[in-house]
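Observations on the model geometry
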Amino acid sequence: MAMIDGLPPLRDVIRDHDLVAKKQLGQNFLLDLNLTAKIARMAGDLKGCDVIEVGPGPGGLTRGLLAEGARRVLAIEKDPRCLPALAEISAAYPGRLDVINADALSIDPTDRLTAPIRIVSNLPYNVGTELLIRWLTPAQWPPFWDSLTLMFQKEVAERIVAKPGNKAYGRLALLAQWRTEPRIVLTLPPEAFTPPPKIHSSVVHLKRLEEPRYPADGTILSRITAMAFNQRRKMLRSSLKGLAPDIEDRLVAAGIKPTDRAEDIPLEGFCALAREIARK
Ligand code: SAM
């Protein structure tokens, strides 16, 4: 394997630091540095960008991001066993890698970074969706980040890019597609990871839109989509009846048939309904 830096191969790093993977931390490591550099390139030109990486582990993707020219990487890792390996990378790239030993769900690292900021991570499966929803639903839009380049289980990636009529279409697709342009850019088989997971994984690149695709109040849209997809096989006049006493009229005013089901309604329809519900 061609080396992208002068640091030891990741197999040696894992052996020397005794980083036996822990399932409860979602630890499936990428050891091929050519592959991690390729994933880093999928985030676009990183020169002049600060990057947040959640879960660097032994640092394969971190090394890819640094080798590809990221101005600075802020890596948040919950497992303290990984810190010595990450300190070696930090020493090889002076002033460009900071590591925070914390749970990514419990810290806000934004005040330590300078725009433009990109988020690039091979996310731990147990917290990936929750982090994505947080990044997609900030109080203000545009958010602090320009793009997200994230590895998920393939099935989650498909839910992010799904279109109406597809069984993967739901709340995650609507949240993502309302305010970003999401694309699956790479799919990897289990053997790409150590240890191999049971399923395939995919990298999704989400480029933020400066304005949401259609006007709507985010809180109302979120409430409508939660109600509609909690009972996705029901007709909307029934799943949404708690929203307004005249829900059938509001659905019609938004151009939606009250007998339609959530999975058949495009994003534009949900946004039109959110505007109807917002009208007194
Ligand atoms: N980036 C490495 C790679 O690609 O080889 C490791 C990816 S591994 C799928 C996920 C990493 O996230 C592990 O290193 C794990 O310890 C870390 N992790 C798990 N839960 C976390 C959390 N709540 N906050 C921060 N890191 C977490």
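Above this note sits the structure.
Being a predicted model, the structure only gives us computed values, none of them experimental.

Attention now goes to the packing of aromatic side chains. As enumerated under the stated definition, the model contains 3 aromatic pairs in all. Between W141 and W145 the ring centres are 5.7 Å apart and the planes differ by 85°, which places this aromatic pair in the edge-to-face class. Note on W141: relative accessible area 16%, which makes it buried. Aromatic pair Y169 and F229: ring centres 5.8 Å apart, planes at 85°, arrangement edge-to-face. Placement of Y169 in the loop between α6 (154-161) and α7 (171-179) and of F229 in helix α8 (residues 218-230) is noted, with a sequence separation of 60 residues between them. Like Y169, the residue F229 is buried in the burial classification. Through pairs of rings, three or more aromatic residues link up here, namely Y169, F229 and F270.

Counting 33 residues, the largest nonpolar core has I39 and L65 as the members making the most contacts within it. Secondary structure elements with two or more residues in this core: α1 (10-16), β1 (29-30), α2 (33-41), α3 (60-67), β3 (72-77), α4 (83-92) and β7 (180-188). Looking at which element gives the most residues to this core, the answer is α2, with 4 residues. In this structure, L65 is in contact with A40, L46, V51, E53, A70, V73 and V120, ignoring residues within four places of it in sequence. Counting residues in hydrophobic clusters, the runner-up holds 29 residues, among them L74, L113, L131 and A176.

Let us now look at empty space enclosed by the protein. If you walk through the whole model with that rule in mind, you get 3 cavities of 30 Å³ or more. As a volume, the largest cavity reaches approximately 50 Å³. Lining the largest cavity, in full, are L123, P124, Y125, G128, T129, M151, F152, Q153 and V156. Taken together, the elements giving at least two residues each to the lining of the largest cavity come down to α5 (128-136) and β6 (147-153). Among the elements that make up the lining of the largest cavity, the one with the highest residue count is β6 (3 residues). Here the residues of the lining of the largest cavity are counted per class, giving 6 nonpolar, 3 polar and no charged.

By the criterion of burial, strand β5 (residues 117-122) is predominantly enclosed, with 6 of the 6 residues buried. The alternating pattern of β5 places I117, I119 and S121 and R118, V120 and N122 on opposite faces, both of which are buried. Relative to β5, strand β2 (residues 50-54) runs parallel, the two sharing 3 bridges. Paired with I52 across the two strands is I119, which belongs to β5. Alignment of β5 against β6, held across 5 bridges, turns out to be parallel. Bridge assignment links N122 to a residue of β6, and that residue is M151. Running through α5, the crossover from β5 to the neighbouring parallel element β6 is right-handed.

How each quantity is defined
Residues numbered from 1 in each chain as written. Predicted model: local features only at pLDDT ≥ 70, side-chain atom pairs only at ≥ 80, totals over all residues. Heavy atoms only, no water. Phe/Tyr/Trp six-rings, centres within 6.5 Å; stacked < 30°, edge-to-face > 60°. Buried < 20%, exposed > 50% of the residue type's maximum accessible area, 1.4 Å probe, protein only. Helix = DSSP H or I, 4+ residues; strand = E, 2+ residues; numbered from the N terminus. Core = buried A, V, L, I, M, F, W, Y, C linked by side-chain atoms within 4.5 Å. Contact = heavy atoms within 4.5 Å. 1 Å grid on protein atoms, 1.4 Å probe; cavity = no way out; pocket = protein on both sides within 12 Å on 5 of 7 lines; lining within 4 Å. Points joined across faces, edges and corners; volume = space filled by probe spheres on them. Nonpolar A, V, L, I, M, F, W, Y, C, P; charged D, E, K, R; others polar. Pairing = 2+ DSSP bridges. Right-handed = clockwise from strand over helix to strand, strands pointing away.

Function cannot be inferred from these measures alone, as they are strictly geometric.
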